[in-house]
Amino acid sequence: MPFVLISIPRCAELCGLEPHEAIAGAVPSPSHQSLYESYLMLCDRGADFVRELVIADLRRALDLGAQRLAAELLLVLRRFLSAPRGAPRSRPPPLDGSALEAALGLVERLAAYRTPGGRGGAAGISETA
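Numbers given to residues run from 1 along each chain, matching the order in which its sequence is written. Side-chain atom pairs in this predicted model are given and counted only at pLDDT of 80 or more, local residue features only at pLDDT of at least 70, and totals for whole chains, interfaces and linings cover all residues. Hydrogens are left out, water is left out, and the side-chain values use all remaining heavy atoms of the structure.

(A) Region of the structure containing the overall build of the protein. Each helix corresponds to a stretch of at least 4 residues labelled H or I by DSSP, and each strand to a stretch of at least 2 residues labelled E; elements are numbered beginning at the N terminus. The secondary structure content of the protein amounts to 5 helices and 0 strands. Going from the N terminus to the C terminus, the protein shows its helices and strands as α-α-α-α-α. The classification of residues rests on relative accessible area computed with a 1.4 Å probe and restricted to protein chains. Under 20% of the type maximum is buried, over 50% is exposed, and intermediate values are partly exposed. Sorting the 129 residues of the protein into buried and exposed places 36% on the buried side. Here, two residues are considered to be in contact whenever any of their heavy atoms come within 4.5 Å of each other. Look at the contacts in the protein between residues 6 or more apart in sequence, and 74% of them connect residues 24 or more apart. For accessible areas, the Shrake-Rupley method is used with a probe of radius 1.4 Å. Any residue's cover is judged against the shown protein chains and nothing else. Surface summary for the protein: the accessible area is close to 7300 Å², and the carbon and sulfur share equals 59%.

(B) The arrangement of the pattern of salt bridges in detail. The term salt bridge refers to a side-chain nitrogen of Lys or Arg lying within 4 Å of a carboxyl oxygen of Asp or Glu. Under the criterion given, the structure shown has 6 salt bridges. Residues arginine 59 and glutamate 21 are paired through a salt bridge, measuring 2.7 Å at the closest nitrogen-oxygen approach. One end of the pair, arginine 59, is in helix H3 (residues 47–63); the other, glutamate 21, is in the loop between helix H1 (8–15) and helix H2 (30–40), and 38 residues separate them in sequence. The exposure class of arginine 59 is partly exposed, given its relative accessible area of 30%. Residue glutamate 52 is joined to arginine 51 by a salt bridge in which the shortest nitrogen-to-oxygen separation is 3.1 Å. A single salt-bridge network, built from bridges that share partners, covers Asp48, Arg51 and Glu52.

Spelled out as structure tokens, the structure:
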């Protein structure tokens, strides 16, 4: 399903992102769709909560040196912000588990990076994530 994204400068303006946090380069893909849907599952907590969560995850990815993941999260954030404000953000139909796997994969990669026995370093998170 095609969708129109808000521009990166407008996204940065709305979310208070610094220029170094606006990492471009990701393109919509099935993994992006799964990641986006994993955040949509939290919409019952409110759009502001989800927006702040994506921003926090984007900043965490940048802190860890995961540029590719940060670019993916910026794409997710832009897509989330592109939904009409007045339109209800209903949950998608039950997923086949791919969205949950995407969310858990992100959490596992971040946890592995931070644990003493984890892979550590910027190389600890795959650029293909």
